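# A look at the structure
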Amino acid sequence: MNYPHAVDLNCDMGESFGAYSLGHDEAILPFITSANIACGYHAGDPAVMKRTVRLALQHGVAIGAHPGLPDLVGFGRRDMAISPEEAYDMTVYQLGALAAFVRAEGGTVHHIKPHGALYNMAAVNPALAEALAEAVYRVQPEACLYGLAGSALISAGQKLGLSVAHEVFADRTYQPNGTLTPRRQPNALISDPAAAIAQVVRMVKEGRVRALSGEDVAIQADTVCIHGDGAHALEFAQQIRARLQQEGIAVRAQHQTTA
């Protein structure tokens, strides 16, 4: 069946650590097409990484590395004054860790999506974006680089010839320049599931999103991020998957390059 629209549905996973359990990974996996697995810096540990990789493979979900800043206490959501070289080094380190588990389980790394503050910093800082893209190019050149739609990270990946996916967010609001409203600001999150799903459908079908200012912003939606750690995360995953299919939108992982 030919669908006029298609989108990847991704979710951050493997964010438990030691005795601390976070998220609803196993329950949500049947409803997504890509999993971004924490690599031990902002969350996750070796046992969690191995378990999450195995679960993703069992469900036929594309596996992605989710490298973040070395900030377990702040969950990788606090900005750090890192140099491009440091960004490159920590990304290579984390990609290598996850890739080893994926290879040991007989899988392949499908994509790389930076986490939290590292993601947002690379979206607007060309030097950091180029460092992250270079790390992907050197370690996993056949993988797809996920970045904020229209961001510096997407541009950096394209310059190196990487496969890229413009990412949008179901439960986040947008600024007029296409960036996400910072979490510390009011109205950064969309708490109404119906509103979040309607935003996603419009981004995929119309290529537009309504900013908090009230104006429409052009946006490309190759992959949609949903979060797996909320109280109603499972219900939301079920609802958005069903709605996308009702809207005639194919849900599938992004294509990789053949490099």
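Calculation criteria
Residues numbered from 1 in each chain as written. Predicted model: local features only at pLDDT ≥ 70, side-chain atom pairs only at ≥ 80, totals over all residues. Heavy atoms only, no water. Helix = DSSP H or I, 4+ residues; strand = E, 2+ residues; numbered from the N terminus. Rg over C-alpha atoms; globule rule 2.2 N^0.38 Å. Buried < 20%, exposed > 50% of the residue type's maximum accessible area, 1.4 Å probe, protein only. Contact = heavy atoms within 4.5 Å. Areas by Shrake-Rupley, 256 points an atom, 1.4 Å probe, with all protein chains shown as cover. Lys, Arg positive; Asp, Glu negative; His and termini not counted. Charge placed at Lys NZ, Arg CZ, Asp CG, Glu CD. Right-handed = clockwise from strand over helix to strand, strands pointing away. Patch = residues over 30% accessible without salt bridge, like charges linked within 9 Å, V, L, I, M, F, W, Y side chains within 5 Å. Salt bridge = Lys/Arg side-chain N within 4 Å of Asp/Glu carboxyl O. Expected span 1.5 Å × (residues − 1). Polar contact = N/O pair within 3.5 Å; in protein donor to acceptor, adjacent residues only side chain to side chain. Phe/Tyr/Trp six-rings, centres within 6.5 Å; stacked < 30°, edge-to-face > 60°.

### Considerations on the overall build of the protein chain
- Regarding its fold elements, the protein chain presents eight helices and 10 strands.
- Relative to the compact-globule value of 18 Å for 259 residues, the protein chain shows a C-alpha radius of gyration of 17 Å, a close match.
- Principal-axis analysis of the C-alpha atoms places the extent of the protein chain at approximately 40 × 40 × 40 Å.
- Sorting the 259 residues of the protein chain into buried and exposed places 53% on the buried side.
- At a minimum sequence separation of 6, the contacts of the protein chain that also span at least 24 residues come to 73%.
- Counting only carbon and sulfur atoms, one obtains 50% of the accessible surface of the protein chain, whose full area is about 11,500 Å².
- Distance between charge centroids for the protein chain: 3 Å, based on 19 positive and 25 negative side chains.

### A word on the pairing of strand 6 (residues 163-169)
- Counting buried positions along strand 6 yields seven of seven residues, so the element is predominantly enclosed.
- Of the two faces of strand 6, the one holding Ser163, Ala165, Glu167 and Phe169 and the one holding Val164, His166 and Val168 are both buried throughout.
- Regarding the hand of the β-α-β motif, the stretch spanning strand 5 (residues 144-148), helix 6 (residues 152-159) and strand 6 is right-handed.

### Some thoughts on unusual backbone geometry
- With a phi angle near 55°, Phe75 is a residue other than glycine that sits in the positive phi range.
- As for its placement among the helices and strands, Phe75 is situated in the loop between strand 3 (62-66) and helix 3 (84-104).
- Despite not being glycine, Asn187 has its phi angle at roughly 65°, a positive value.
- For Asn187, the position within the fold is in the loop between strand 6 and helix 7 (193-206).
- According to the relative accessible area criterion, Asn187 is exposed, its value standing at 57%.

### Focus: a nonpolar patch on the surface
- Together, Phe17, Tyr20 and Leu72 make up a nonpolar patch on the protein surface, roughly 330 Å² of accessible area in all.
- On the secondary structure map, Tyr20 appears in the loop between strand 1 (5-13) and helix 1 (25-28).

### Here we look at the pattern of salt bridges
- Counted by the stated rule, this structure contains 11 salt bridges.
- Of the charged contacts, one joins Arg138 and Glu134 as a salt bridge, the two residues approaching to 2.6 Å between their closest N and O atoms. Remark: Glu134 and Arg138 occur in helix 5 (residues 126-139); sequence separation between them is four residues, near one turn of the helix.
- The class for Arg138 is exposed, based on a relative accessible area of 58%.
- Relative accessible area serves as the criterion here: at 22%, Glu134 is assigned to the partly exposed category.
- Ionic pairing is found between Arg210 and Asp216, a salt bridge with its closest N-O pair at 2.7 Å.
- Each of Arg202, Glu206, Arg208, Arg210 and Asp216 takes part in one network of salt bridges that share partners.

### Brief notes about helix 7
- Between its first and last C-alpha atoms helix 7 spans 20 Å; for 14 residues at 1.5 Å apiece the expected length is 20 Å, and the two agree.
- Those residues of helix 7 that fall on the buried side of the exposure criterion are Ala196, Ile197, Gln199, Val200, Val201, Met203 and Val204.
- Buried residues in helix 7 make contact with strand 1, strand 6, strand 7 (208-210), strand 9 (223-226), helix 8 (233-246) and strand 10 (249-251).
- The backbone nitrogen of Ala194 has a side-chain oxygen 3.2 Å away, supplied by the residue at the start of helix 7, namely Asp192.
- Gly207 lies just past helix 7 and shows a positive phi near 70°.

### Let's talk about the side chain of Ser151
- Tracing the chain through its elements places Ser151 in the loop between strand 5 and helix 6.
- A polar side-chain atom of Ser151 sits 2.7 Å from the main-chain carbonyl oxygen of Leu148.

### Thoughts on the packing of aromatic side chains
- Taken as a whole, this structure holds two aromatic pairs when the rule is applied.
- Judged by centre distance (5.6 Å) and plane angle (40°), the ring pair of Tyr41 and Tyr93 falls under tilted. Here Tyr93 lies in helix 3 and Tyr41 lies in the loop between strand 2 (34-38) and helix 2 (46-58), a separation of 52 residues in the sequence.
- Looking at Tyr41, the relative accessible area reads 22%, which means it is partly exposed.

Note that all results are geometric; they support no functional claim without further evidence.
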